[in-house]
Amino acid sequence: MNDVERLLRQTLDDEAGRAPSASRLVDDLRPRLETAGHPWRRPALAATGIALVAAAVAAALLVGQRPVPVSPSGPGSATTQVPRASPEVPTSTSATTPASSVTTTIYGTSGSVVTSRVVTGPLQTEPVTVTITVSSPP
Amino acid sequence: MEASFEDFVRTRGPALLRYAHLVCGDGHQAHDLVQDALVKVHRRWSVVEVAAPFAYTRRAITNEYLSWRRRLRSRELPAASLPDAGRRVTPAPDDELADRELVWGVVRGLPRRQRVVLVLRYYEDLSDRDIAEVLGVAESTVRSQAARALATLRDHPGLRDDTGSALAAPAPRPLPRRSPR
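What you see is a predicted model; the values in this text were computed from it and never measured.

Participant: Lay out the overall build of chain B with the relevant residues and their values.
Facilitator: The helix and strand inventory of chain B stands at eight helices and zero strands. Tracing chain B from N to C terminus, the helices and strands come up as α-α-α-α-α-α-α-α. Residue burial in chain B is summarised as follows: out of 181 residues, 45% are buried. Pairs at least 24 apart in sequence give 66% of the contacts found in chain B among residues at least 6 apart. Accessible area for chain B stands at about 9000 Å²; split by element, carbon and sulfur atoms hold 53% of it.

Participant: Describe the nonpolar core, and please don't skip the residues or the numbers.
Facilitator: Membership of the largest hydrophobic core comes to 57 residues, with the highest contact counts inside it found for Leu8(A), Leu38(B), Leu118(B) and Leu153(B). Element by element, the count of residues in this core is highest for helix H1 (residues 3-24) of chain B, at 11 residues. Looking at which domains feed residues into this core, each of domain 1 (3-74) and domain 2 (93-159) of chain B supplies at least three. Non-local contacts of Leu118(B), meaning those with residues more than four positions away in its chain, are made with Leu8(A), Leu12(A), Val107(B), Leu110(B), Tyr123(B), Ala146(B), Ala149(B), Leu150(B) and Leu153(B).

Participant: So, helix H3 (residues 53-66) of chain B: which residues are in play, and what are the values?
Facilitator: Taking 1.5 Å as the rise per residue, H3(B) with 14 residues should run 20 Å; its terminal C-alpha atoms sit 20 Å apart, in good agreement. Among all positions in H3(B), only Phe54(B), Thr57(B), Arg58(B), Ala60(B), Ile61(B), Thr62(B), Glu64(B), Tyr65(B) and Leu66(B) are buried.

Participant: Report on unusual backbone geometry, specifying residues and quantitative values.
Facilitator: A positive phi angle is found at Asp125(B), which is not glycine, with a value near 60°. Relative to the assigned elements, Asp125(B) resides in the loop between helix H6 (112-122) and helix H7 (128-135).

Participant: Please give an account of the packing of H6(B) against helix H8 (residues 139-155) of chain B that cites residues and values.
Facilitator: Residue and element names in this part refer to chain B. H8 packs onto H6 with a crossing angle of 95° between their chain directions and a minimal axis gap of 9 Å. Between H6 and H8, the interaxial angle falls into the category roughly perpendicular. Contact with H6, carried on its side by Arg113, Gln114, Val117, Leu118, Arg121 and Tyr122, involves Val142, Arg143, Gln145, Ala146, Arg148, Ala149, Leu150 and Leu153 of H8 and no other residues of that element.

What counts and how
- Residues numbered from 1 in each chain as written.
- Chains lettered and ligands numbered in written order.
- Predicted model: local features only at pLDDT ≥ 70, side-chain atom pairs only at ≥ 80, totals over all residues.
- Heavy atoms only, no water.
- Helix = DSSP H or I, 4+ residues; strand = E, 2+ residues; numbered from the N terminus.
- Buried < 20%, exposed > 50% of the residue type's maximum accessible area, 1.4 Å probe, protein only.
- Contact = heavy atoms within 4.5 Å.
- Areas by Shrake-Rupley, 256 points an atom, 1.4 Å probe, with all protein chains shown as cover.
- Core = buried A, V, L, I, M, F, W, Y, C linked by side-chain atoms within 4.5 Å.
- Domains from an automatic or database assignment.
- Expected span 1.5 Å × (residues − 1).
- Axes fitted to C-alpha atoms, helices over the stretch in contact; angles between N-to-C directions.
- Parallel < 35°, antiparallel > 145°, perpendicular 65-115°, else oblique.

Written out as structure tokens, the structure reads:
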């Protein structure tokens, strides 16, 4: 060790002795810990958090189950974006979430089933776009 | 506050305050620094057992001290000139007290990261590898920071002998000499 390093060690040792006393540390810390706290341990905050999450999940489920209105009147096509994995085009769809297959049933205006098909594809976690094309009979 | 955490603060608080005091150079700021770090440690303390609480808290203090938020808050400005720049000190035993004051003044004027490296190396006796881990940098970065800091000390006019040369030529770094604090 050279002189500078030796002097530095001695200086740091000396100066450390001038550090503030730790006698008040616990007392000073206590109110800060109570204020900071643990959100997951506070019953009121936890209940609020759970309620918010439940509301968000319920809203997401409702949006996912809502029929998407696509009504081409006559030949032509209509496009709609289907939220997540439960597209109902135009009136009925069953799917589980998350889904890798979606059953789409299209009803005629009298309630008769026009077509029903199962679409299998990759897991849908993002909104998907569905295009319905109505053609004139040959 | 959990009993184990309170015990930890009571037993290791003084050492944590000494470390904080050396890195920030101010008693009040050291107290705030340690409290801020302990609040963060306490959040983790309750979730999982902290394996090495002292090292963990020391790291939290270091990160807090080096964080840009705290830099903005404290608005510390580097000194335009180092203290007692014109004073020449002959390294005689009776002058050592004056030398230490001079060294402390120079250390306080160093950039934060260099100061932390010096304190961790020469007060906490950590190896360069451990210092690198605390700071989240490469070992070579630690060595270069330490070299720059020591060069600043050696080049200080007040720490040169009568011939104008530094107190001593740089030597390889010795192994830690103290037991853990």
